[in-house]
Amino acid sequence: MASVSIEPHPLRMLAAAVAGSPVAVSYLTEPGARCWTDGERIYLSAERQAGEGGRELLVQCALLAGGALKAVGLRALIGSIEQRQCFLVLEVERCCASIAERLPRAFLNALEPYRTGQGPQDAEESLRIARSRTRLPKPPEWYGTLQPWAVLRRNVRGGGRSMDARKLEQLEARLGSLEAEQADGDEDALVRNPFWKLLSSPLGKDGFFARFMREIFDMQSSPDKAADSGIEGSSEMVSGRASRHALDLGKALRSGLAVAIPSALLVPEGGAHSYPEWDGSKGRYRPDWTSVEEVAPAADEPCFDETLLDAATDQPLLRSLASLCLGFRRHAGQTAGDDLVLDRLIRLAVDLRTGHSGDERIYSASLRTRRDLGVLILLDASSSTLEGGGNDRVVDRQVRAAWKLCRTFDRLGDRVALYGFHSWGRTLVRFQHLKAFDERLGAETRKRMGRLSVAGYTRSGAAIRHATELLDAHSGTPFKLLLLISDGYPYDDQYEGEYADQDTRKALEEARARGVACLCLSVGSDADVVRLERAWGSANYLAIGNATEMAARLRGAVERAIGAAARKRYVAAA
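Each residue is numbered by its place in its chain's sequence as written, counting from 1. Thresholds applied to this predicted model are a pLDDT of at least 70 for local features of residues and 80 or more for the giving and counting of side-chain atom pairs; totals over whole chains, interfaces and linings are not thresholded and use all residues. To obtain the side-chain values, all non-hydrogen atoms of the structure were used and water was disregarded.

Asks: Help me out: how do you make sense of helix H1 (residues 12–19) in this one?
Replies: Residues three or four positions apart in an α-helix share a direction because the helix packs 3.6 residues into each turn. Taken as a whole, H1 has its buried residues at Arg12, Met13, Ala15, Val18 and Ala19. Two residues or fewer past H1, glycine 20 is found with a positive phi of approximately 90°. Each residue is assigned to one of three classes by its accessible area relative to the maximum for its type, calculated with a 1.4 Å probe on protein chains only: buried under 20%, partly exposed between the two thresholds, exposed over 50%. Secondary structure elements follow DSSP: runs of H or I of four or more residues count as helices, runs of E of two or more count as strands, with numbering from the N terminus.

Asks: Would you explain the packing of aromatic side chains in this entry?
Replies: For any pair of aromatic rings, geometry is given as the distance between the ring centres together with the angle between the planes. Any two rings among Phe, Tyr and Trp, with Trp reduced to its six-membered ring, count as a pair given centres within 6.5 Å; such a pair is stacked if its planes are under 30 degrees apart, edge-to-face if over 60, and tilted if neither. Inspection of every chain in the model, using the stated rule, returns 11 aromatic pairs. Aromatic side chains tyrosine 114 and tryptophan 142 sit 6.2 Å apart centroid to centroid with 80° between the ring planes, which places their arrangement in the edge-to-face category. With tyrosine 114 in the loop between helix H4 (105–110) and helix H5 (123–131) and tryptophan 142 in the loop between H5 and helix H6 (148–155), the pair connects residues that are 28 residues apart, well separated along the chain. Ring geometry for tryptophan 142 and tyrosine 143: centres 5.0 Å apart, planes at 75°, overall edge-to-face. By relative accessible area, tyrosine 143 is classed as buried at 2%. Ring pairing ties together the aromatic residues Phe107, Tyr114, Trp142 and Tyr143, which thus form one cluster.

Asks: Looking at this structure, how should I read the sheet that holds strand E16 (residues 429–435)?
Replies: Two orientations exist for strands paired in a sheet by backbone hydrogen bonds: parallel and antiparallel. At least two DSSP bridges between two strands are needed for those strands to be called paired. Strand order across the open sheet formed by 8 strands is E9-E10-E16-E15-E14-E17-E18-E19, with mixed pairing between neighbours. Strands at the two margins of the open sheet, each flanked by one partner only, are strand E9 (273–279) and strand E19 (541–544). Going from strand to strand, the sheet's axes swing by 30° on average, the running direction of each strand aside. Pairing of strand E18 (residues 516–523) with E19 involves 4 bridges; the strand directions are parallel. Bridged to cysteine 520 within E19 is tyrosine 541. Should any heavy atoms of two residues lie within 4.5 Å, those residues are considered in contact. With axes taken as lines fitted to C-alpha atoms, and helix axes fitted only over the stretch in contact, angles between N-to-C directions fall between 0 and 180 degrees. Contacts between helix H14 (residues 394–412) and the sheet are confined to strand E14 (373–380), strand E15 (415–423), E16, strand E17 (479–486) and E18, with E14 contributing the most and set at about 165° to the helix. Sheet strands in contact with helix H15 (residues 443–450) are E15 and E16, and its direction is about 145° off that of E16.

Asks: How should the pattern of salt bridges be read in this particular structure?
Replies: Note that side chains of opposite charge can pair when their charged atoms are close. A pairing counts as a salt bridge when a side-chain nitrogen of Lys or Arg comes within 4 Å of a carboxyl oxygen of Asp or Glu. All told, the structure shown has 22 salt bridges when counted by the stated rule. Across the pair arginine 459 and aspartate 492 runs a salt bridge, and its minimum N-O distance is 3.1 Å. Taken together, the residues span a long stretch of sequence, with arginine 459 in the loop between H15 and helix H16 (460–474) and aspartate 492 in the loop between E17 and helix H17 (497–513) at a distance of 33 residues. Residues arginine 459 and aspartate 492 agree in their burial class; the two are buried.

Asks: Looking at this model, I keep getting lost on the pairing of E9. Mind explaining?
Replies: Within a regular strand, the side chains alternate between the two sheet faces. Two strands pair when backbone bridges link them, and E9 and strand E10 (residues 284–295) are joined in this way by 6 bridges, in the antiparallel orientation. The partner of serine 274 across the bridge, within E10, is serine 291. The antiparallel hairpin formed by E9 and E10 contains 4 residues in its connecting segment, where glycine 283 sits at a positive phi of about 65°.

Asks: For this particular structure, what's the right way to read the state of the cysteines?
Replies: Two cysteines form a disulfide when their sulfur atoms are joined by a covalent bond. Cysteine sulfur atoms that pair up within 2.5 Å are treated as a disulfide. Summed over all chains, the structure comprises 0 disulfides. Free of any disulfide, cysteine 61 has its nearest cysteine sulfur in cysteine 96, 10.0 Å distant.

Asks: How do you make sense of a nonpolar patch on the surface when you look at a structure like this?
Replies: On the surface, Leu340, Leu342, Leu345, Ile346 and Val350 cluster together to form a nonpolar patch covering roughly 460 Å² of accessible area. In terms of residue count, helix H13 (residues 342–353) provides more of the nonpolar patch than any other element does, 4 residues in total. Its location among the elements puts leucine 345 in helix H13. Residues enter patches when their relative accessible area tops 30% and they take part in no salt bridge; the joining distance is 9 Å for like charges and 5 Å for the nonpolar side chains Val, Leu, Ile, Met, Phe, Trp and Tyr. Residue-level accessible areas treat just the shown protein chains as cover; the underlying method is Shrake-Rupley with a 1.4 Å probe.

Asks: What should I look at first to understand the pairing of E10 in this one?
Replies: Where E10 and E16 come together, 4 bridges link them in parallel fashion. Within E16, the position partnered with glutamate 294 by the bridge is phenylalanine 431.

Asks: I tried to follow the packing of H16 against H17 on my own but got confused; where do I start?
Replies: Two quantities define a packed helix pair, namely the angle between the axes and the distance from one axis to the other. In the contact formed by H16 and H17, the axes pass within 8 Å of each other and the chain directions differ by 10°. By the angle between their directions, the pair H16 and H17 is classed as roughly parallel. Residues Ser460, Gly461, Ala462, Ile464, Arg465 and Thr468 of H16 pack against Asp503, Thr504, Lys506, Ala507, Leu508, Glu510 and Ala511 of H17. Residues are sorted three ways: Asp, Glu, Lys and Arg are charged, Ala, Val, Leu, Ile, Met, Phe, Trp, Tyr, Cys and Pro are nonpolar, and all the rest, Gly among them, are polar. For the contact of H16 with H17, the per-class residue count stands at 5 nonpolar, 4 polar and 4 charged. The cut-offs work like this: below 35 degrees is roughly parallel, past 145 is roughly antiparallel, 65 to 115 is roughly perpendicular, and the gaps in between are oblique.

Asks: Teacher, can you tell me more about unusual backbone geometry here?
Replies: Most peptide bonds take the trans configuration, and most residues that are not glycine carry a negative phi. Positive phi outside glycine occurs at aspartate 288, with the angle close to 50°. Take aspartate 288: it is sitting in strand E10. Non-glycine residue glutamine 494 carries a positive phi angle of around 55°. Considering the arrangement of structural elements, one finds glutamine 494 in the loop between E17 and H17.

Asks: Honestly, the confidence of the model for the chain in this entry has me stumped. Any pointers?
Replies: If pLDDT is low for a region, its predicted coordinates should not be looked at in detail. With 70% of its residues at a pLDDT of 70 or more, the chain shows a mean pLDDT of 75. Under a pLDDT of 50 for its full length, residues 157–164 has, in the predicted model, 15 contacts with residues more than four places off or in other chains. Scored from 0 to 100, pLDDT reflects the predictor's confidence in each residue. Here residues 248–270 is a poorly scored stretch, pLDDT under 50, and it has 63 contacts once near neighbours within four places are set aside; other chains count.

Asks: Just checking my understanding: could you explain the nonpolar core for this structure?
Replies: If you look at soluble globular proteins, the nonpolar side chains tend to sit buried side by side. Think of a nonpolar core as a cluster: buried Ala, Val, Leu, Ile, Met, Phe, Trp, Tyr and Cys residues, connected wherever their side-chain atoms sit within 4.5 Å. Ranked by size, the top nonpolar core spans 46 residues in total, and within it Ile377, Leu405, Leu483, Ile485, Leu521, Met550 and Leu554 carry the most contacts. When residues of this core are traced back to their parent elements, those giving at least two are helix H12 (315–321), E14, H14, E15, E17, E18, E19 and helix H19 (550–573). In contact with isoleucine 485, not counting residues within four places along its chain, are Ile377, Leu378, Leu379, Asp380, Gln398, Ala401, Ala402, Leu405, Leu521 and Val523. If you look at the next biggest cluster of nonpolar residues, it comprises 43 residues, including Leu69, Phe87, Leu88 and Cys95.

Asks: Is there a simple way to think about H13 in this case?
Replies: A rise of 1.5 Å per residue sets the reference length of H13, with its 12 residues, at 16 Å; its end C-alpha atoms lie 17 Å apart and thus fit the reference within 8%. Of the residues flanking the end of H13, it is glycine 355, one or two places downstream, whose phi is positive at about 90°. Take the number of residues in a helix, subtract one, and multiply by 1.5 Å to get its expected span.

Asks: Just checking my understanding: could you explain the environment of leucine 428 for this structure?
Replies: Its location among the elements puts leucine 428 in the loop between E15 and E16. Residue leucine 428 is classed as buried on the basis of its relative accessible area of 8%. Residues leucine 428 and leucine 14 lie 414 residues apart in sequence; the distance between their C-alpha atoms is 9.0 Å.

As structure tokens, this is what we get:
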């Protein structure tokens, strides 16, 4: 197997979140290869990059999180496919149960047909059950497989020194002296092989190779105690079982590994929408660099107290925003105006001829009453918003603000959409659909809010670009406003510092050039003002302590953002 360095991978952050520690990911190119892990890197099938591929990743991450590969006696599974399968079924069940809160409900439901009913408490108990030949369900292909020899090879240390390429070459060369026909003998028969002299000769017993073999087979001074009990002092006699294990190990070291390739060479797992990303240091875009997928919120339990959604309408905020972006609309039935309404005029004439006073509202007039504003509220649902305690965390303040704004704009008659977003690297930016422009604000929206998933990171550039597309395509209004409610800092895997700030500012420039006003609300965050200005620009953010401050400060910030977008669009058109 060629050495593979740890490279950026679209699923690496998801794997780290499930496994609880950083995990490298690569693909297996061998046709039909099953996924597996050696404890540090997960090897996924290149043939299954979606669907079952997602379940493969979760299974391997669960095995790592549950410590399945740390079982004492794992070497006993070398050469026994049936026992490996039994151990795998037991450990997947145990490990997934131990981290059930991190796993999707659909994935946990998919595990149900393979429940064993054994309930092992640790990996050692699973190993004992697997070796007892208890009848257990056969694992599906997406469970992958176990490669105990690979785990042992990675963990073993020869003479206190870790394995390296030179030592592995030496080991493979020594194992090549084993003859394949030895594996055909009786497991308990004693066979003669000069290979085993290396383990007990004065020159070989203290060498790296001898120490390695004793550690692999849990031996003290000879390959098998049965050999010593059969012929006293003969280091050339070894049981067929030990010989078979050594042969299996030799084959595994030499050819059992499917070729693995870096995941960066494959087409990234994609969402439904691809967007570029701005590399400020090079002054150019990275085309099709990010993928955004719209998904339904699917949290099992609310991440906030749902009573936050019961607050009454904020009347000061309603009055503050009531006159924003009003357009002219023709209204009939006015007492004064610039046109007569014929039907009303005839009705008034008939009323007067018959002795009635009549209705004198016979004019039509253009009044500034039409709401010309489309608003997309984008809620940062990254794990950083969970900081704090009680019911006054950043996420609680942000949810309260988002819900209040959504209700206010909807009551004013504006076109409103509400989405939450988080990211797990550049190809896993998730847009959680809470309310679309054409949907009514009601019980269904509230239900989706309760299922909002809060996790991951904040790749704000991709989120802004996708929100701009939605506003441009579906708002249907002359004025468009993107309200991003966030803790203030764009951050993701290889998306931080100046790089993230420059991409965020570039995404805002692109939005303004298309006539979309952008405003970031930093609600209840301790984000530094200078840091906010670097990411958003002085005219594009508003830092407030809680939702009650919005009535006094939001109107002016929105007007400045809409004015900046109008000027930018005018310049771009000119």
